[in-house]
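# A closer look at the structure
Listed here are the chains, written in short residue letters.
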Amino acid sequence: MHRHPLALAAVLIIGLPAAAAAQDPKNPDWPCPQILVPTLSPASVWDGPSIDGLGDDWQGDPAVATLVRRAADGSVDAATLEPEAAALAAAAGEGRDGKLAQVFAGTFQTLDRQRSAAIASIERYAQHQRALRERIAAALRDLDAASGDAPRAQEIKAAIAWDRRILDDRRRAQTAVCEQPARIEQRLGQIARLLSALLS
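This one's a predicted model, so the numbers in the text were calculated from it and none came from an experiment.

## Observations regarding the packing of helix α3 (residues 82-91) against helix α4 (residues 96-145)
Orientation of α3 relative to α4, taken along the N-to-C sense of each, is 140 degrees, at an axis distance of 8 Å. Here α3 is positioned oblique relative to α4, judged by the angle of their axes. At the point where α3 passes α4, the crossing takes the right-handed sense. Contact with α3, carried on its side by Ala85, Leu88, Ala89 and Ala90, involves Arg96, Lys99, Leu100 and Val103 of α4 and no other residues of that element. Each residue belonging to the contact of α3 with α4 can be placed in one class, and the counts come to six nonpolar, no polar and two charged.

Encoded structure:
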């Protein structure tokens, strides 16, 4: 069957990204070059007292909760938190390490939730991209079938062009989308190092 030139071009455009999307062999639908790590372990960044069992205890101390909120806020320069954390630790006296562990527990809990939300957003992004590619592929088949119906073919071409624009716009945003979990992990590492330096 003769394939319309527009159809052939769209096949090339939608076919290559589909292959490139399989970055992680264990997670073929994962679109990012970073390997997907579904969950984080506190021990991977924290060498202070164990936070096991602390749960939401950090929320019961207003000073700790305030510091956690600022520590988890990516718009706040992490370096500016050192004086606040040092003052909190000093005020805790012999309980400084436990207080710092609470701050880390709250920060880890908050940032881990942010990271999980970012990963879920990436997965939705990948699903939407896949759905668009499938819709374009179906439209290409319709275009071939409508080769003798000029008005119908023109309508299908317009739909393909629109979906390709959306696909390309989203693809250009992929780098920023994929970097979100990494930025959160970097923030967690910064806060962990800051707090660890204040341990007794």
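Now that the structure has been shown, the text picks up again.
## Looking at α3
Among the residues of α3, Ala85, Leu88 and Ala89 are the ones counted as buried. Burial along α3 is one-sided: seen end-on, the buried residues are contained in an arc of 100 degrees. Exposed positions of α3 whose direction lies more than 90 degrees from the buried face are Pro83, Ala90 and Ala91. On the buried face of α3, the contacting elements are α2 (62-71), α4 and α6 (174-196). Looking one or two residues past α3, Gly93 carries a phi angle of roughly 60 degrees, positive in sign.

## A short note on the state of the cysteines
Throughout the structure, instances matching the rule amount to one disulfide. Paired by a disulfide, Cys32 and Cys178 hold their sulfur atoms 2.0 Å apart. One disulfide, between Cys32 and Cys178, carries an S-S torsion of -80 degrees and so falls in the left-handed class. With Cys32 in the loop between α1 (5-20) and α2 and Cys178 in helix α6, this pair connects stretches of sequence that are 146 residues apart. Each member of the pair, Cys32 as well as Cys178, carries the same accessibility label: buried.

Procedures and definitions
- Residues numbered from 1 in each chain as written.
- Predicted model: local features only at pLDDT ≥ 70, side-chain atom pairs only at ≥ 80, totals over all residues.
- Heavy atoms only, no water.
- Axes fitted to C-alpha atoms, helices over the stretch in contact; angles between N-to-C directions.
- Helix = DSSP H or I, 4+ residues; strand = E, 2+ residues; numbered from the N terminus.
- Parallel < 35°, antiparallel > 145°, perpendicular 65-115°, else oblique.
- Left-handed = near helix turned anticlockwise from the far one by under 90°.
- Contact = heavy atoms within 4.5 Å.
- Nonpolar A, V, L, I, M, F, W, Y, C, P; charged D, E, K, R; others polar.
- Buried < 20%, exposed > 50% of the residue type's maximum accessible area, 1.4 Å probe, protein only.
- Arc of directions from axis to C-beta.
- Disulfide = S-S within 2.5 Å.

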